[in-house]
Amino acid sequence: MSQAEAAQAGTATRGEAAEVRAPSPLWTFGLFRNELVTTFRRWRTLALLAVLAGVPVLVGVAVKIETSDGSSVGGGGGGGPAFITQITNNGLFLVFTALAATLPFFLPMAIGVIAGDAIAGEANAGTLRYLLVAPAGRTRLLLTKYATTMTFCLVATLVVAVSALAVGALLFPLGDLTTISGTRISFAEGLGRSLLIALVVAASLIGVAALGLFVSTLTSSGIAAMATTVGLLITVQILDQIPQLHALQPYFFSHYWLSFADLMREPVYWDDLQRNLGLQCLYAAVFGSAAWARFTTKDITA
């Protein structure tokens, strides 16, 4: 074989290899679909969703029992999650109450478990190397893992909202709503705001998802990554309650989580909502970049 023919053969071989290494968009969608199926088939994921769905049931039943004699919730003291005193007047308020009750701990914990296990769990199971042998690429795989985690964020939030709506409709009357500002809106508009609130709550967790994914790239132990992520969540929320740290608190990712209540004002108060979403995007950018830098340079041995 002449040198020219050998060069052409080598070029063709390299071209074929490059073609193998560059997966098509359909292959990427298939990878994302497989990640979703794998995640939502796990018993751990189903258990987390079941717990989240159970929170509105417990809140609704507790309120129904407490008010069965005609008394108000909490004896009129106004304690408990936001909107809880309004549930007996309109079951739709159970949606807002359930989201307010799950957002500080249950939802972030569930996201932390899924995100923390995303990379570390694959490494611990010995499947991460095989995923990278396929034409995925580290960046593509990391983005797929993050997209899967964010999908879980949305599903988990909707599970809480739908469960609360079903329980609220069964135990309490439904109808027009009175906003925080004292104005009346129709039930249809209230449903629309409920959906918008659920989307805002899901978006409030994108920073937690990025943080968990970054922690997941630091270790090969899924349990360690999940425990570290949940521990950081608890620590940040404790710090957010210490008055002496008021200057730092606006930069904690949990500081504006309950700003979704402003969607129940008339007109809507957008300032804290925008601060919350902007802060979440900042955390996602910082920890997402850190996760990418770590994962793309990490020596994969499992």
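None of the values given here were measured: they were computed from a predicted structure.

### Description of the overall build of the protein chain
Part 1: Across its full length, the protein chain holds eleven helices and two strands.
Part 2: Counting from the amino terminus, the protein chain carries its helices and strands in the arrangement α-α-α-α-α-α-α-β-β-α-α-α-α.
Part 3: Taken over 302 residues, the protein chain has a buried fraction of 41%.
Part 4: When contacts within the protein chain are restricted to residue pairs at least 6 apart in sequence, long-range pairs at least 24 apart make up 75% of them.
Part 5: Summed over all atoms, the accessible surface of the protein chain reaches about 14,800 Å², with 66% contributed by carbon and sulfur.

### Considerations on the environment of Ala290
Part 1: Turning to its location among the elements, Ala290 is positioned in helix α11 (residues 271–297).
Part 2: Ala290 gets classed as partly exposed once you look at its relative accessible area, which sits at 26%.

### A word on the nonpolar core
Part 1: Grouped together as the largest cluster of nonpolar side chains are 60 residues, with contacts concentrated most on Ile87, Phe96, Phe152, Ile197, Phe253 and Phe260.
Part 2: For this core, the elements supplying multiple residues, two or more each, are α3 (43–66), α4 (93–102), α5 (106–125), α7 (138–171), α8 (187–203), α9 (206–216), α10 (222–239) and α11.
Part 3: It is α7 that contributes the most residues to this core, eight residues altogether.

### What about the environment of Leu36?
Part 1: Within the fold, Leu36 resides in helix α2 (residues 25–41).
Part 2: In sequence terms Leu36 and Phe152 are 116 residues apart; their C-alpha atoms lie 8.5 Å from each other.
Part 3: Excluding residues that lie within four positions of it along the chain, Leu36 makes contacts with Thr148 and Thr151.

### What to know about the pattern of salt bridges
Part 1: Taken as a whole and assessed by the stated rule, the structure comprises seven salt bridges.
Part 2: The closest approach of N and O atoms between Asp117 and Arg44, which form a salt bridge, is 2.7 Å. Pair noted here: Asp117 is in helix α5 and Arg44 is in helix α3, with a separation of 73 residues, a long-range link.
Part 3: Classification of Asp117 by relative accessible area gives buried; the value is 11%.
Part 4: Judged by relative accessible area, Arg44 falls into the partly exposed class, the value being 32%.
Part 5: One salt bridge in this structure joins Arg193 and Glu189, with 2.9 Å as the shortest N-O distance. Here the residue Arg193 and the residue Glu189 both occupy positions in helix α8, the gap between them amounting to four residues, near one helical turn.
Part 6: Residue classification places Arg193 among the buried residues on the basis of a relative accessible area of 11%.
Part 7: By sharing partners, the salt bridges in this structure join Arg42, Arg44 and Asp117 into a single network.

### As for the confidence of the model for the protein chain
Part 1: Here the protein chain averages 83 in pLDDT, and 82% of its residues register 70 or above.
Part 2: Within the model, the stretch residues 1–20 combines pLDDT values under 50 with two contacts to residues more than four positions away or in other chains.

### Considering a nonpolar patch on the surface
Part 1: Side chains of Val51, Phe105, Phe106, Ile234 and Ile238 sit close together on the surface and give an oily, nonpolar patch of about 420 Å² of accessible area.
Part 2: Among the structural elements, Ile234 can be located in helix α10.

### A closer look at α5
Each α-helix turn comprises 3.6 residues. Residues three or four places apart therefore point the same way.
Part 1: Along α5, the sharpest change in direction is near 50 degrees and occurs at Ala118.
Part 2: The buried fraction of α5 amounts to 16 of the 20 residues, a majority that puts the element mostly inside the structure.
Part 3: Residue Gly126 follows α5 closely and has a positive phi angle near 80 degrees.

The rules behind each value
Residues numbered from 1 in each chain as written. Predicted model: local features only at pLDDT ≥ 70, side-chain atom pairs only at ≥ 80, totals over all residues. Heavy atoms only, no water. Helix = DSSP H or I, 4+ residues; strand = E, 2+ residues; numbered from the N terminus. Buried < 20%, exposed > 50% of the residue type's maximum accessible area, 1.4 Å probe, protein only. Contact = heavy atoms within 4.5 Å. Areas by Shrake-Rupley, 256 points an atom, 1.4 Å probe, with all protein chains shown as cover. Core = buried A, V, L, I, M, F, W, Y, C linked by side-chain atoms within 4.5 Å. Salt bridge = Lys/Arg side-chain N within 4 Å of Asp/Glu carboxyl O. pLDDT = per-residue confidence, 0-100. Patch = residues over 30% accessible without salt bridge, like charges linked within 9 Å, V, L, I, M, F, W, Y side chains within 5 Å. Bend = angle between axes of the 7 residues up to and from the residue.

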